[in-house]
Every structure is written in structure tokens, then in C-alpha cells.
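# Survey of secondary and tertiary structure
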Amino acid sequence: MGYSALQTGLAFIIPSLAIFAGTQFGARLANGLPMRTVLLAGFVAGIAGTLALVSAAFSGASYATILPGLVISGTGRGLSGRQCG
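In short, a report on the structure. (Residues numbered from 1 in each chain as written. Predicted model: local features only at pLDDT ≥ 70, side-chain atom pairs only at ≥ 80, totals over all residues. Heavy atoms only, no water.)

## Some words on the overall build of the protein chain
To be explicit about the condition: By definition, any uninterrupted DSSP run of H or I lasting at least four residues is a helix, any uninterrupted run of E lasting at least two residues is a strand, and each is numbered from the N terminus. Only protein chains enter the area calculation, which uses a 1.4 Å probe; residues under 20% of their type maximum are buried, those over 50% are exposed, and those in between are partly exposed. Here, residues are in contact when the closest pair of their heavy atoms is within 4.5 Å.
What the protein chain contains, in helices and strands, is 4 helices and 0 strands. Its helices and strands in sequence order give the protein chain the pattern α-α-α-α, from N to C terminus. In terms of principal-axis extent, the alpha carbons of the protein chain reach across some 45 × 25 × 15 Å. Looking at the protein chain residue by residue over its 85 residues, the buried ones come to 29%. For the protein chain, long-range pairs separated by at least 24 residues make up 79% of all intrachain contacts whose partners lie at least 6 apart in sequence.

## A closer look at a nonpolar patch on the surface
Applicable threshold: Residues enter patches when they are more than 30% accessible in relative terms and free of salt bridges; like-charged ones are connected within 9 Å and nonpolar ones (Val, Leu, Ile, Met, Phe, Trp, Tyr) within 5 Å. Surface accessibility follows the Shrake-Rupley procedure with a 1.4 Å probe radius. Residue values consider only the protein chains on display as shielding. What makes a salt bridge here is a side-chain nitrogen of Lys or Arg within 4 Å of a carboxyl oxygen of Asp or Glu, nothing more.
On the surface, L6, L10, I13, I14 and L17 cluster together into a nonpolar patch covering about 480 Å² of accessible area. Those elements giving two or more residues to the nonpolar patch turn out to be α1 (5-11) and α2 (13-32). The biggest single contributor to the nonpolar patch is α2, with 3 residues. For I13, the position within the fold is in helix α2.

## With respect to the nonpolar core
We apply this condition: Grouping buried Ala, Val, Leu, Ile, Met, Phe, Trp, Tyr and Cys residues that are joined through side-chain atoms within 4.5 Å yields what is termed a nonpolar core.
A11, A56, A61, Y63, I66 and L70 form the largest nonpolar core, which has 6 residues in total. For this core, the element with the highest residue contribution is helix α4 (residues 63-84), accounting for 3 residues.

## Brief notes about α2
As a reminder of what qualifies: In a helix, the anticipated span is given by 1.5 Å times the number of residues less one. Each C-beta atom gives one direction from the helix axis, and the arc is the one those directions make.
Under the 1.5 Å per step criterion, the end-to-end length of α2 is 30 Å for 20 residues, consistent within 8% with the ideal 28 Å. Looking only at α2, the buried set comprises P15, A18, G22, T23 and G26. Buried residues of α2 fall within an arc of 140° about the axis and therefore sit on the same side. Residues of α2 that are exposed and point more than 90 degrees away from the buried face comprise L17, F20, R28, N31 and G32.

## Section: the side chain of S73
Tracing the backbone shows S73 in helix α4. Apart from residues no more than four positions distant in its own chain, S73 is found in contact with A45, G46, G49 and T50.

Here it is as C-alpha cells:
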């Protein structure tokens, strides 16, 4: 995408924050819901986010276009990773 090193680093902050938020949300969900339900929610969110990225990957879309998919996928990874790790 032609980003400098600083721009690339900054672009990774938002997906990283989504993963962090997913781990925090997953911990709270795990206190009230069965583990299987929390993991399933995380996997479904991860799949949905990844599918949202597919069309952007082939069209050379801007960062703003792929950001929702990154956030949804990151949150799903956080949800499922918190429970598996």
C-alpha cells in the first residue's frame, strides 16, 4: 500500500486494540456463559471478519475499507484466544 514504516506500525494499532478488547470481553462472557458458547462466538466473529476482508484483498482497497473486517476478526480472535490460551 506504499506505507512508511511508521504508517505501517500505526496501522497495526487498531487491530491490536480489537484483539485486546476481545480478550477482555471474552473473559467477562466466560464468567456467565458456557465455554463452548464463548468459543463459538469468537470463531464466528473471526470468520465473519475474515470474509469481510476477502473482497478488499482483491480490489486493492484502502485501509479504511478493510478496517471493519480487521476489527471484527481481531475481536473474534481475542474472544477465542482468551478461552483457548
